[in-house]
Amino acid sequence: MIKDITFGQYFPAKSIIHRLDPRIKLVLSLMFIIFIFVAQNAVSLAFIGTLTLLFVLISRVPVSLFLKNIKAILFVIILTSVLNALYVTTGNVLLEFWIIKITADGVKRALFMSARIIILIISSSLLTYTTTPTELTDAIERLLKPLRFIGLGEAVHVMAMMITIALRFIPTLIEETDKIMSAQKARGADLESGTLFERIKALIPILVPLLISSVRRAYDLAEAMECRCYNGGSGRQRMKQLKLAGRDYLSLAVLVVCMSAIIAFNIIF
Amino acid sequence: MATLSVENLTYVYGEKSPFQKTAIEDVTFSAKSGEIIGVIGHTGSGKSTLVQHFNGLLKANSGKVLLDGADIWENPKEIRKIRFKIGMVFQYPEYQLFEETVYKDIAFGPTNMGLSAEDINKRVLDTAQMLGITAEMLEKSPFDLSGGEKRRVAIAGVMAMQPEIIVFDEPTAGLDPAGRDIVLEKIKEYRDRTGALVFIVSHSMEDMARVADKLLVMNSGHLSMFDTVKKVFSNPQKLKKIGLNVPQVTKVFSALKEKGIPVDENVFTVNDAVSYLLSFLKGGKNND
């Protein structure tokens, strides 16, 4: 059913990672992702992998959720591995057959790339699992605040507001779609069979009511916002003030140490 | 004649996710043609979830829905045929209107049934007439109608399929008193004409007292009571415990009785109350 589509995969739990300031979390995640690609050898990659695993355990988000995300891009992982294994033709030949030549270096390369992708997926899902979409947009808005010096202050606010509203209404729209689909199915609408053209035609009874109710909702929301004197971003204050706490500085420090370790491993090994 | 039986129905939302919730648990009952059954219960008691099982919009985790003794899921490919027999009018059904004209919208269900053009035309016109939809309205866009008119058009869209069993989820929600009266009256008229089995999900005890024959009371996913209106409303303590109540006018009569005035407590509608009290004026004694 359509309800199975998850968006903003926030998983509520109590952990230090959930409580971190979203700005810090966003910056740390970006740096972490960059360092996945800085890691040049097996030791530094293993180190960064262990760190990721540790963070997953600390976050208290079930491991099965991460596995589900990896499963979703399994095809990409396999494809890159195969391509890497085929293209790298140096080193000991393990298998030679027709025009295909698999070498030890190729296999190594393939494993290395797969590990990188898996770590990348886990660490970025860690951010979305532990941060609500609203927190994330808040963080983006705050981080982009310096843009006001080049006259883009209002634009940043408007973008952030648009993202927040869009995220807020995704579950509502999914629910609405579900309801309209049920109603039309109850009137015998056939959404599951027929030629492509018939199927597209069968969507009209769903899309027309959905579009109408979205426009109605947009008007209602605009009016409700105006009634509460909303007139853009300037001079607005926030109910939830983002404030850096001890744990935020601590996590920054931990990350800097880890990053230096990776650079060191890169040089030593 | 149609009989709908529900056996040990259990449905769990979001199974195996952190948001798992049992919506209905072990619900069993049976109802037959000609009855109007009011489904009442507190918000979130599982009323709407229960009725969505009747025509296979939801599939239970365990338990069965039987139409005339046959499991509706016996042949999953035929579920559409079940939906032609068991109609469903959702909450705020006017939000599902989509066609260019009222006529076309009412014809949507019958067309899906694969009826002949002649049959479709007859059904649309008959249903429109029954629901007081004029020929002029039939040619208009459904979006140009008033709220009450839209509601009637949406109901007509389901009634035109002439289902043997028809479910209404909060059919009077958001209507003005005149609109409520019309909708309830038309539901009753449909039952009288076709002998259908009707379910009405509602929050209004007053409405239920007026139209329902039996009440099905849901409480946090369980079937709490299934009996005649009189029997259910004669147990106000139990109703209050699950966040429901008896009709206002019944409260007045019980209060009178508590004060020592010998009146019958089983008065559920204002009309009943009027004729009951008038009988005192005329004959000087009550008609029980």
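Residues numbered from 1 in each chain as written. Chains lettered and ligands numbered in written order. Predicted model: local features only at pLDDT ≥ 70, side-chain atom pairs only at ≥ 80, totals over all residues. Heavy atoms only, no water.

Enquirer: For the domain arrangement of chain A, give the residues involved together with the corresponding values.
Expert: Residue and element names in this part refer to chain A. Split into domains, chain A comes out as domain 1 (2-143 + 243-268) and domain 2 (145-227). Once you take the C-alpha centre of each, domain 1 and domain 2 turn out to be 32 Å apart. Domain 1 puts 10 residues into the contact, and the matching count from domain 2 is 12 residues. When the two sides are added together, the surface that domain 1 and domain 2 hide from each other amounts to roughly 1100 Å², 72% of it contributed by carbon and sulfur. Applying the counting rule to domain 1 against domain 2 returns 0 salt bridges. Run the count over domain 1 and domain 2 and you get 4 residue pairs in polar contact (both at pLDDT 80 or more). Of the residues assigned to the side of domain 1 that touches domain 2, the class counts are 5 nonpolar, 2 polar and 3 charged. (Domains from an automatic or database assignment. Contact = heavy atoms within 4.5 Å. Buried area = accessible area lost by both parts, 1.4 Å probe. Salt bridge = Lys/Arg side-chain N within 4 Å of Asp/Glu carboxyl O. Polar contact = N/O pair within 3.5 Å; in protein donor to acceptor, adjacent residues only side chain to side chain. Nonpolar A, V, L, I, M, F, W, Y, C, P; charged D, E, K, R; others polar.)

Enquirer: Account for the packing of helix α3 (residues 42-59) of chain A against helix α6 (residues 104-130) of chain A, naming residues and giving values.
Expert: Residue and element names in this part refer to chain A. Two elements in contact, α3 and α6, have axes whose closest approach is 10 Å; the angle formed by their N-to-C orientations is 25 degrees. In terms of their interaxial angle, α3 and α6 are classed as roughly parallel. As for how α3 packs across α6, the hand of that crossing is left-handed. Here Ala42, Leu45, Ile48, Gly49, Thr52, Phe55, Val56 and Ser59 of α3 come into contact with α6, specifically with Phe112, Ala115, Arg116, Ile119, Ile122, Ser123, Leu126 and Thr130. (Axes fitted to C-alpha atoms, helices over the stretch in contact; angles between N-to-C directions. Helix = DSSP H or I, 4+ residues; strand = E, 2+ residues; numbered from the N terminus. Parallel < 35°, antiparallel > 145°, perpendicular 65-115°, else oblique. Left-handed = near helix turned anticlockwise from the far one by under 90°.)

Enquirer: I'd like a description of a positive patch on the surface, backed by residues and values.
Expert: On the surface, A:Lys14, A:Arg19, A:Arg60 and A:Arg247 cluster together into a positively charged patch. Position of A:Arg247 relative to the elements: it lies in helix α11 (residues 246-268). (Patch = residues over 30% accessible without salt bridge, like charges linked within 9 Å, V, L, I, M, F, W, Y side chains within 5 Å. Areas by Shrake-Rupley, 256 points an atom, 1.4 Å probe, with all protein chains shown as cover. Lys, Arg positive; Asp, Glu negative; His and termini not counted. Charge placed at Lys NZ, Arg CZ, Asp CG, Glu CD.)

Enquirer: Go over the packing of aromatic side chains with me, naming the residues and quoting the values.
Expert: Evaluated as defined, the whole model comprises 13 aromatic pairs over all chains. Three or more aromatic residues joined by ring pairs make a cluster, and in this case those are B:Phe29, B:Phe54, B:Phe199 and B:Phe226. Sitting over the ring of A:Phe169, A:Arg168 keeps its end group 4.6 Å from the ring centre. When the ring centre of B:Trp73 is taken as reference, the NZ or CZ atom of B:Lys59 above it lies at 4.9 Å. (Phe/Tyr/Trp six-rings, centres within 6.5 Å; stacked < 30°, edge-to-face > 60°. Lys NZ or Arg CZ within 6 Å of the ring centre and 35° of its normal.)

Enquirer: Run through the pattern of salt bridges, naming residues and quoting values.
Expert: Applying the stated criterion to the full structure yields 16 salt bridges over all chains. Here A:Glu176 ties to A:Arg217 by a salt bridge, and the two come within 2.3 Å at their closest N and O atoms. Here the residue A:Glu176 occupies a position in helix α8 (residues 153-186), and A:Arg217 occupies one in helix α10 (residues 204-227), the gap between them amounting to 41 residues. Put simply, B:Glu189 and B:Arg193 hold a salt bridge, and the shortest N to O gap is 3.4 Å. Taken together, the residues B:Glu189 and B:Arg193, both in helix α7 (residues 177-194) and 4 residues apart, mark about one turn of the helix. Accessibility expressed as a relative area gives 55% for B:Arg193, which makes it exposed. Because the salt bridges share partners, they merge into one network encompassing B:Lys186, B:Glu189 and B:Arg193. (Buried < 20%, exposed > 50% of the residue type's maximum accessible area, 1.4 Å probe, protein only.)

Enquirer: Explain helix α7 (residues 133-143) of chain A to me, and be specific about the residues and the numbers.
Expert: Taken together, the buried positions of α7(A) are occupied by A:Leu136, A:Thr137, A:Asp138, A:Ala139 and A:Glu141. Contacts from the buried residues of α7(A) go to α2 (22-38), α6 and α8 of chain A.

Enquirer: Which residues make up the sheet that holds strand β1 (residues 3-13) of chain B, and what values go with them?
Expert: Residues and elements named next belong to chain B. Within the open sheet, the 4 strands sit side by side as β2-β1-β4-β5. Their pairing is antiparallel. Both outer strands of the open sheet, β2 (21-32) and β5 (70-71), are each paired with one neighbouring strand and no more. Judged from the 8 bridges that link them, β1 and β2 form a sheet pairing that is antiparallel. For Leu9, the partnering residue across the bridge sits in β2 and is Val27. (Pairing = 2+ DSSP bridges.)

Enquirer: Go over the state of the cysteines, please, and point to the residues and values.
Expert: The full count for this structure, using the stated rule, is 0 disulfides over all chains. A:Cys227 takes part in no disulfide bond, and the closest cysteine sulfur to it belongs to A:Cys229, at a distance of 8.4 Å. (Disulfide = S-S within 2.5 Å.)

Enquirer: An account of the interface of chain B and chain A is requested, with residue identities and associated values reported.
Expert: Contacts between the two partners involve 23 residues from chain B, matched on the other side by 19 residues from chain A. Across the interface of chain B and chain A, roughly 1800 Å² is buried in total on both sides, 64% from carbon and sulfur atoms. Its largest share of buried area at the contact with chain A, chain B owes to B:Tyr95, B:Gln96 and B:Phe98, together 29% of the area lost on that side. Put simply, the parts of the chain that give the side of chain B that touches chain A at least two residues each are α2 (79-85), α3 (102-112) and α6 (147-159) of chain B. By residue number, the principal contributor to the side of chain B that touches chain A is α3(B), which donates 4 residues. Taken together, the residues of the side of chain B that touches chain A sort by class into 14 nonpolar, 6 polar and 3 charged.

Enquirer: I'd like a rundown of the domain arrangement of chain B, residues and numbers included.
Expert: Residue and element names in this part refer to chain B. Segmenting chain B into domains produces domain 1 (3-229) and domain 2 (247-288). A separation of 34 Å is found between the C-alpha centroids of domain 1 and domain 2. Summing both partners gives a buried area of about 350 Å² for domain 1 against domain 2, and 75% of it is carried by carbon and sulfur. Of all residues in domain 1, the largest losses of buried area upon contact with domain 2 belong to Glu206, Ala209 and Val229, amounting jointly to 77% of the total for that side.

Enquirer: How would you sum up the pairing of strand β10 (residues 222-228) of chain B? Please name residues and give values.
Expert: Residue and element names in this part refer to chain B. In this sheet, β10 lies alongside strand β9 (residues 214-219) in antiparallel orientation, the contact comprising 6 bridges. Paired with Val217 across the strands is Met225, a residue of β10. In this structure, the hairpin formed by β9 and β10 is closed by a connection of 2 residues, where Ser220 is found at a positive phi of approximately 35 degrees.

Enquirer: Describe the confidence of the model for chain A, with residues and values.
Expert: Residue and element names in this part refer to chain A. With 97% of its residues at a pLDDT of at least 70, chain A reaches an overall mean of 86. The secondary structure element of chain A with the lowest average pLDDT is strand β1 (residues 93-97), at 76, and the one with the highest is α10, at 92. In the predicted structure, residues 1-7 sits below a pLDDT of 50 and forms 10 contacts with residues beyond four places in sequence or in another chain. (pLDDT = per-residue confidence, 0-100.)

Enquirer: Help me get a handle on the sheet that holds strand β6 (residues 86-89) of chain B, residues and values and all.
Expert: All names here are of chain B. Strand order in this open sheet of 6 strands is β6-β7-β8-β3-β9-β10, and the pairing throughout is mixed. Only two strands of the sheet have a single neighbouring strand rather than two, namely β6 and β10. Strand-to-strand twist across the sheet, computed as the mean angle between neighbouring axes with direction ignored, equals 15 degrees. Against the sheet, helix α1 (residues 47-54) engages β3 (36-41), β6, β7 (165-169), β8 (197-201) and β9, with an angle of about 145 degrees to β3.

Enquirer: Can you tell me about a nonpolar patch on the surface, naming the residues and giving the values?
Expert: A contiguous nonpolar surface patch, about 890 Å² in accessible area, is contributed by A:Leu74, A:Phe75, A:Val76, A:Ile78, A:Leu79, A:Val82, A:Leu83, A:Leu86 and A:Tyr87. Take A:Val76: it is sitting in helix α5 (residues 74-87).

Enquirer: Go over the confidence of the model for chain B with me, naming the residues and quoting the values.
Expert: Detail in the predicted coordinates should be disregarded across regions flagged by low pLDDT. Residues at a pLDDT of 70 or more form 97% of chain B, whose mean pLDDT is 89. Summarising per-element confidence for chain B, the mean pLDDT is lowest in helix α12 (residues 270-283) of chain B (84) and highest in β8(B) (95).

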